[in-house]
Amino acid sequence: MVKLLIMEQSLFPDNFISNSVKTDEELSKKFLEYPDLAPGYIAIALAKPDLREWYERRWPDFKKYLDKNFVSGFKNKEEHLSREWEFHIVSVLLDYGFTLKEKKWEIGPDFCIETGDKKVWVEAVSCSLGQTDPVEPMPIMGSGKLYSFGGNIEDINRPRALRITNAIATKFEQYKRYLDNPECDVSKNDCLVIAVNGNQIQHYSRPEALFKRAVFGQGPDILVRKAGTEKLQGGFYKPSLTIIKKVGDREEIIPANFMELKEFSTISVVIYSGNNISHSWLNDYKTGDDFIFAYHSIADNPMPEGFFRFGLGVRKNSATGQIEDKKQS
């Protein structure tokens, strides 16, 4: 029994990683050999020793902040991406000096940041490609071949923005149930942060433009002709406050300006990252610097000034429509 417990609490058991591979062909065979495991988990365990070592090194300190069933979910096809994102969030928050509460609650949000004044709850969600009006999967690109991507920006971003809005709405509805549940330690005076990962959907889209499209209704950039001259002025965008969702032969209208609507003012901040944990290492910047923070224009419980000192902060002035973003430090 003790041996089984140790195995369950190990992210990458020794008897599994002993099957490490060196080529893509060998890795593809392992995917077939272990059909019940997530391909992402298999790839980390058997083909990415640096990433696996990072997980193993941090796991003993992280596990007290994660669900009790994290290990089984991390290995599972359906849950791996979500669990990977949860680990990513814990890493970033601890590395930037935040204090997290140990995960002892059974019912409630994923994480709680301890502050002197109020609780800051963090709900993590990872976007899927979707089944209704889905995002096309990233093509599997072979070596020695040329690929081109492009098209109308709205056509590219529309289904992706829908996945982000769906993720936010799902977590928001869940949080409202926590507020109504006396067994939850969640108060209407607490801050809510929804952290969305778009690694599955972002592909070649610009993360800032995609995220602003989804939560602030910022459409494509446009040029405006100055009155009385032939000169064109930039710095403007086309407001796109809704997104069309195609459901069979009909269309639904989905709001795309969550972060200025009163009905979503319980949300203090939405965080977006379109990458996985290893992206920063490959591009030589600190993990979390690619996070984008959208602050609700009329939040019931605004985040304390300067609470997050990394990533890109985005705010919208609902009166003027101006959307401002700046580095947080």
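For the structure, check the block above.
Residues numbered from 1 in each chain as written. Predicted model: local features only at pLDDT ≥ 70, side-chain atom pairs only at ≥ 80, totals over all residues. Heavy atoms only, no water.

Look at helix α4 (residues 39–47) against helix α5 (residues 49–62): their axes get within 6 Å of each other, and the N-to-C directions meet at 100°. Overall, the two elements α4 and α5 adopt an arrangement that is roughly perpendicular. Within the contact between the two elements, α4 uses Ile44, Ala45, Leu46 and Ala47 and α5 uses Pro49, Leu51, Arg52 and Tyr55. Residues that form the contact of α4 with α5 fall into these classes: seven nonpolar, no polar and one charged. (Axes fitted to C-alpha atoms, helices over the stretch in contact; angles between N-to-C directions. Helix = DSSP H or I, 4+ residues; strand = E, 2+ residues; numbered from the N terminus. Parallel < 35°, antiparallel > 145°, perpendicular 65-115°, else oblique. Contact = heavy atoms within 4.5 Å. Nonpolar A, V, L, I, M, F, W, Y, C, P; charged D, E, K, R; others polar.)

Relative to the assigned elements, glutamate 86 resides in helix α7 (residues 80–95). Here the alpha-carbon distance between glutamate 86 and glutamate 252, two residues 166 residues apart in the chain, equals 31 Å. The residues contacting glutamate 86, other than those within four sequence positions of it, are Leu66, Phe70, Asp110, Phe111 and Ala124. A polar side-chain atom of glutamate 86 sits 3.2 Å from a polar atom in the side chain of arginine 83. (Polar contact = N/O pair within 3.5 Å; in protein donor to acceptor, adjacent residues only side chain to side chain.)

Another point: the nonpolar core. Here is a general trend for soluble globular proteins: nonpolar side chains tend to be buried in one another's company. With 50 residues, the main nonpolar core has Leu11, Phe12, Tyr55, Phe87, Met303 and Phe308 as its most contacted residues. Sequence-distant contacts of leucine 11, that is, excluding residues within four places in its chain, are made with Tyr41, Tyr55, Trp59, Phe70, Val71, Phe74, Lys75 and Phe87. Counting residues in each nonpolar core, the second largest holds 41 residues, with Val125, Ala161, Val186 and Ile254 among its members. (Core = buried A, V, L, I, M, F, W, Y, C linked by side-chain atoms within 4.5 Å. Buried < 20%, exposed > 50% of the residue type's maximum accessible area, 1.4 Å probe, protein only.)

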